[in-house]
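Commentary on secondary and tertiary structure
Listed here are the chains, written in short residue letters.
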Amino acid sequence: MRLEGKVAVITGAGSGIGRATAILFAKEGAKILVADYNAKSGQETVEQIKKAGGTAGFIEVDIGKIADNENMIDTAVNLYSRLDILYNNAGLGGPTLELTTEENWRAMLDVNLTGPFFACKHAIEVMKKQGSGNILFTGSAGGLKGTGRARSPSYAVVKAGVILLTDCLSRLVGQYNIRVNCICPGVTNTALYDSHFYDAQGNAHTLNEEEKRAFMAGFNKQISLGRVGTPEEIANLALFLASDESSHITGEAILIDGGRM
Ligand SMILES: NC(=O)c1ccc[n+]([C@@H]2O[C@H](COP(=O)([O-])OP(=O)(O)OC[C@H]3O[C@@H](n4cnc5c(N)ncnc54)[C@H](O)[C@@H]3O)[C@@H](O)[C@H]2O)c1
């Protein structure tokens, strides 16, 4: 039990990386607040955790809204009396340069950067009083270098912001025994992976199975290990960073991409 007695809030835990992490953290003894704007899939994660004997609750949030982030932190504290881990994981994929509109640029900023910023600000107040805490982000390989996600520049720059936020916060809160780290996945097989695609009108286009196989095959050739990642592989890194095994690691952006970059 590597997270015994810990309380974790995980955003975007209704799907993909967030769900895999919520299930793993619960298995390792953490009490989880699953936060997502999709109530159905968020509740499904809670049910899966409970069925396996774990503890979890759900809160419906729009991470793009500052008040929802603050309420999410307060709810975790009210429910479980403390907050050990905040994992800012929810995120939106972005369109190409040509298809970027003011609306989706602002959504990208709100969901991927503004919301997490204010979630941290509020969580840090709680963690400071406790004398300990652990903050994680899901950044992206795309936030490290243009090779990761140049074809979607709005996404890449916002994820770069998340990485610098990790660095800044770690320097501000280390003195309170709070660590801050950022996981930077390469292509990972989740629903977001499907919405890497936009049609000519700028709408997210979900790939059919054949299109997806062809797309993956193209990526697999660029990856040293020959395949895209799984949400469970990202969750394993999150567990290491959330546990005391990584007690001297803070301010890091850790790439996990099968060697593509
Ligand atoms: N899949 C990849 O290839 C990849 C690569 C690098 C980084 N990432 C990052 O990983 C994180 C998780 O994405 P994923 O791949 O698991 O995708 P996913 O689509 O499977 O999961 C994202 C979850 O976030 C939730 N969400 C989206 N917007 C929200 C909002 N405004 N408020 C609350 N919840 C919201 C969705 O409902 C969904 O449950 C994201 O930050 C993404 O940018 C993914």
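What this report covers is the structure whose coordinates are included nearby. (Residues numbered from 1 in each chain as written. Predicted model: local features only at pLDDT ≥ 70, side-chain atom pairs only at ≥ 80, totals over all residues. Heavy atoms only, no water.)

1. A look at the overall build of the chain
Selection rule: Secondary structure elements are taken from DSSP: a helix is a run of H or I of four residues or more, a strand is a run of E of two residues or more, and numbering for both begins at the N terminus. Only protein chains enter the calculation, and the probe is 1.4 Å; a residue is then buried if its accessible area is under 20% of its type maximum, exposed if over 50%, and partly exposed in between. Between two residues, a contact is recorded if the distance between any of their heavy atoms is within 4.5 Å. Throughout, the Shrake-Rupley method with a 1.4 Å probe supplies accessible areas, and for residues the shown protein chains are the sole cover considered. In this tally Asp and Glu are treated as negative and Lys and Arg as positive; neither His nor the chain ends contributes. Charge coordinates come from a single atom per side chain, which is NZ of Lys, CZ of Arg, CG of Asp or CD of Glu.
If you tally the helices and strands in the chain, you get nine helices and seven strands. Reported as C-alpha extents along the three principal axes, the dimensions of the chain are approximately 50 × 40 × 35 Å. Within the chain, the proportion of its 261 residues that are buried is 49%. Considering only contacts within the chain whose residues lie at least 6 apart along the sequence, 70% involve residues at least 24 apart. Summed over its atoms, the accessible surface of the chain is roughly 12100 Å², and 53% of this surface lies on carbon and sulfur atoms. In the chain, 25 side chains carry a positive charge and 28 a negative one; their mean positions are 4 Å apart.

2. A look at the nonpolar core
Cut-off, in case you're wondering: Only buried residues count toward a nonpolar core. Its members are Ala, Val, Leu, Ile, Met, Phe, Trp, Tyr and Cys residues joined through side-chain atoms within 4.5 Å.
In this structure, M72, L83, L86, I135 and F137 are the most contacted members of the largest nonpolar core, which totals 31 residues. Taken together, the elements giving at least two residues each to this core come down to β1 (7-11), β2 (31-36), α3 (66-80), α4 (102-130), β5 (133-138), α6 (153-173) and β6 (178-185). Grouped together as the second largest cluster of nonpolar side chains are 27 residues, A8, A20, A22 and A238 included.

3. Some thoughts on the layout of surface pockets
As a reminder of what qualifies: Buried and open spaces are told apart on a 1 Å grid over the protein atoms alone, a cavity being a set of points where a 1.4 Å probe fits but cannot get out and a pocket being an open set with protein on both sides within 12 Å along at least five of seven lines. Residues with an atom within 4 Å of a point are the lining residues. Grid points are joined across faces, edges and corners, and a volume is the space filled by probe spheres set on the points. Each residue gets one label: Ala, Val, Leu, Ile, Met, Phe, Trp, Tyr, Cys and Pro are nonpolar, Asp, Glu, Lys and Arg are charged, and the others, such as Gly, are polar.
The space that makes up the second largest pocket amounts to roughly 270 Å³. G133, N134, N177, R179 and D244 are, among the 16 residues lining the second largest pocket, the residues nearest its centre. Of all the secondary structure elements, the ones that give two or more residues to the lining of the second largest pocket are β5 and β6. Of the residues contributing to the lining of the second largest pocket, the split by class is four nonpolar, eight polar and four charged.

4. Observations regarding the site of the ligand
Spelled out, the test is: For this purpose, a residue is taken to be near a molecule or strand whenever a single non-hydrogen atom of the residue falls within 4 Å of it. N or O atoms within 3.5 Å of each other form a polar contact, as long as, within protein, one can give a hydrogen and the other can take it, and as long as residues adjacent in sequence are counted only when both atoms are side-chain atoms.
Contacts to the ligand come from 27 residues, most closely from S15, D36, N89, Y155 and T190. One of the side-chain N or O atoms of K159 is found 2.9 Å from an oxygen atom in the ligand. Taken by itself the ligand offers 830 Å² of open surface, and the protein chains cover 95% of this. Looking at the shell around the ligand, the elements that each hand over two or more residues are α1 (16-27), α6 and α7 (191-194). Among the residues forming the shell around the ligand, the class breakdown is 11 nonpolar, 13 polar and three charged.

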